[in-house]
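Summary of the model geometry
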Amino acid sequence: MKQSETFQNNLVDLVGNITTSYRHDDPSISYFKTDLPNRDIIIQIIHQLRQLVFPGFFTPQKLADSSLEFYVGDLLMSIEEKLKKQIQLALRYRSDVCTEIAKQQAEEICVEFFRTIPKLREYISTDVQAAYDGDPASADKVEVIFSYPGTYAIMIYRFAHELRLLDVPLIPRIMTEYAHNLTGIDINPGAVIGKYFFIDHGTGVVIGETTEIAEHVKLYQGVTLGALSTKGGQNLRGKKRHPTLEDNVVIYSHATILGGETVIGKNSIISGNAFITSSVPADTKVSVKNPELKFKGGAKQELVESSDF
């Protein structure tokens, strides 16, 4: 496509101004330091890991039991080739170690990560079961696997969390932010989440880095598990800032629960739009008083309040 004469006449100045602006950037953000992990390849890895977790669901070919070992071996080799390179780049970016050391560390991390796949599959299968059990609109677990955004976001979180436990820089957050972009569900890879976790609908859910969630917990859309204050900025790094949810807790839509010392006791239910900054005992229902409703015109009807939510 031919450039306009006006553009051509200004091209030298435009290039000069933009490249000059690069040199005023924060020196910690270096464009020339080293190669960075490739986001597109990391997304490919996520898709392949999903194929590993659910064999036969997201592949064009039909699997047979006789070819399962070949399928898994071939898939592992493909993932390892990509993941090893991306981890190597991430390690060199973070610590500037030499190429050979980064390569060796990346190879070891890949093997350790692949050893967690059976455990990850166990946890993810409980998440699928929780979604099916908790949603009467779900036809079956196959529908959950194929189409539920909450289950997809949780699965990607579980991949990212294991990589974070192995001290892999950058890649875990790239993974969970990819899920965030797709689903509207923001789960920090540092959060600790137990089995049978279900996020219903999901859009707008935020789960902070130091959140701890036990088993059989259910969240609805718009729930925030956040920090009470972030005024301390980087000085708060590594400190418990986000709440703890014990077993069998249900949090309804658009509830906000803040603070590292806030614990929601087991079997508790938090109603929609609640704003909580202190702990809630076990076996407690927390509700928000409904605002007064006013109707103009039409027949006057009796409003019935319900204690259920």
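Structural data are supplied above this passage.
Residues numbered from 1 in each chain as written. Predicted model: local features only at pLDDT ≥ 70, side-chain atom pairs only at ≥ 80, totals over all residues. Heavy atoms only, no water.

Digging into the side chain of asparagine 188
By the secondary structure assignment, asparagine 188 is in the loop between strand E1 (186-187) and strand E2 (192-193). A relative accessible area of 9% means that asparagine 188 is categorised as buried. Here the side chain of asparagine 188 touches glycine 190 through a polar contact of 2.8 Å, landing on its backbone nitrogen. In contact with asparagine 188, not counting residues within four places along its chain, are Tyr157, Arg164, Arg173, Ile207, Gly208 and Glu209. (Helix = DSSP H or I, 4+ residues; strand = E, 2+ residues; numbered from the N terminus. Buried < 20%, exposed > 50% of the residue type's maximum accessible area, 1.4 Å probe, protein only. Polar contact = N/O pair within 3.5 Å; in protein donor to acceptor, adjacent residues only side chain to side chain. Contact = heavy atoms within 4.5 Å.)

Looking at the packing of helix H2 (residues 39-53) against helix H3 (residues 68-95)
At a closest axis distance of 10 Å, the pairing of H2 and H3 adopts a crossing angle of 155 degrees. Put simply, H2 runs roughly antiparallel to H3. Read as a crossing pair, H2 and H3 show a hand that is left-handed. Where H2 abuts H3, its residues Ile41, Ile42, Gln44, Ile45, Gln48, Leu49, Gln51 and Leu52 lie against Tyr71, Val72, Leu75, Leu76, Ser78, Ile79, Lys82, Leu83 and Gln86. Here the residues of the contact of H2 with H3 sort into 11 nonpolar, 5 polar and 1 charged. (Axes fitted to C-alpha atoms, helices over the stretch in contact; angles between N-to-C directions. Parallel < 35°, antiparallel > 145°, perpendicular 65-115°, else oblique. Left-handed = near helix turned anticlockwise from the far one by under 90°. Nonpolar A, V, L, I, M, F, W, Y, C, P; charged D, E, K, R; others polar.)

A word on the packing of aromatic side chains
In total, this model carries 6 aromatic pairs according to the counting rule given. Taking 5.3 Å as the distance between ring centres and 50 degrees as the angle between the ring planes, the aromatic pair formed by phenylalanine 57 and phenylalanine 146 counts as tilted. With phenylalanine 57 in the loop between H2 and H3 and phenylalanine 146 in helix H6 (residues 141-147), the pair connects residues that are 89 residues apart, well separated along the chain. For phenylalanine 57, a relative accessible area of 26% gives the class partly exposed. Accessibility expressed as a relative area gives 45% for phenylalanine 146, which makes it partly exposed. Relative to phenylalanine 114, the ring of phenylalanine 113 lies with its centre 5.9 Å away and its plane at 50 degrees, an arrangement referred to as tilted. The exposure classification of phenylalanine 113 matches that of phenylalanine 114, with both residues buried. (Phe/Tyr/Trp six-rings, centres within 6.5 Å; stacked < 30°, edge-to-face > 60°.)

Let's talk about the nonpolar core
One finds Ile87, Met175, Ile207 and Leu219 to be the most contacted residues of the largest nonpolar core, which totals 70 residues. Within the residue set of this core, elements represented by two or more residues are H2, H3, helix H4 (99-115), helix H5 (117-134), H6, helix H7 (149-165), helix H8 (171-183) and strand E3 (198-199). When residues of this core are assigned to their parent elements, the largest contribution, 9 residues, is made by H7. Not counting the four nearest positions on each side in its chain, isoleucine 87 is found in contact with Ala106, Ile109, Cys110, Leu163, Val168 and Ile171. (Core = buried A, V, L, I, M, F, W, Y, C linked by side-chain atoms within 4.5 Å.)

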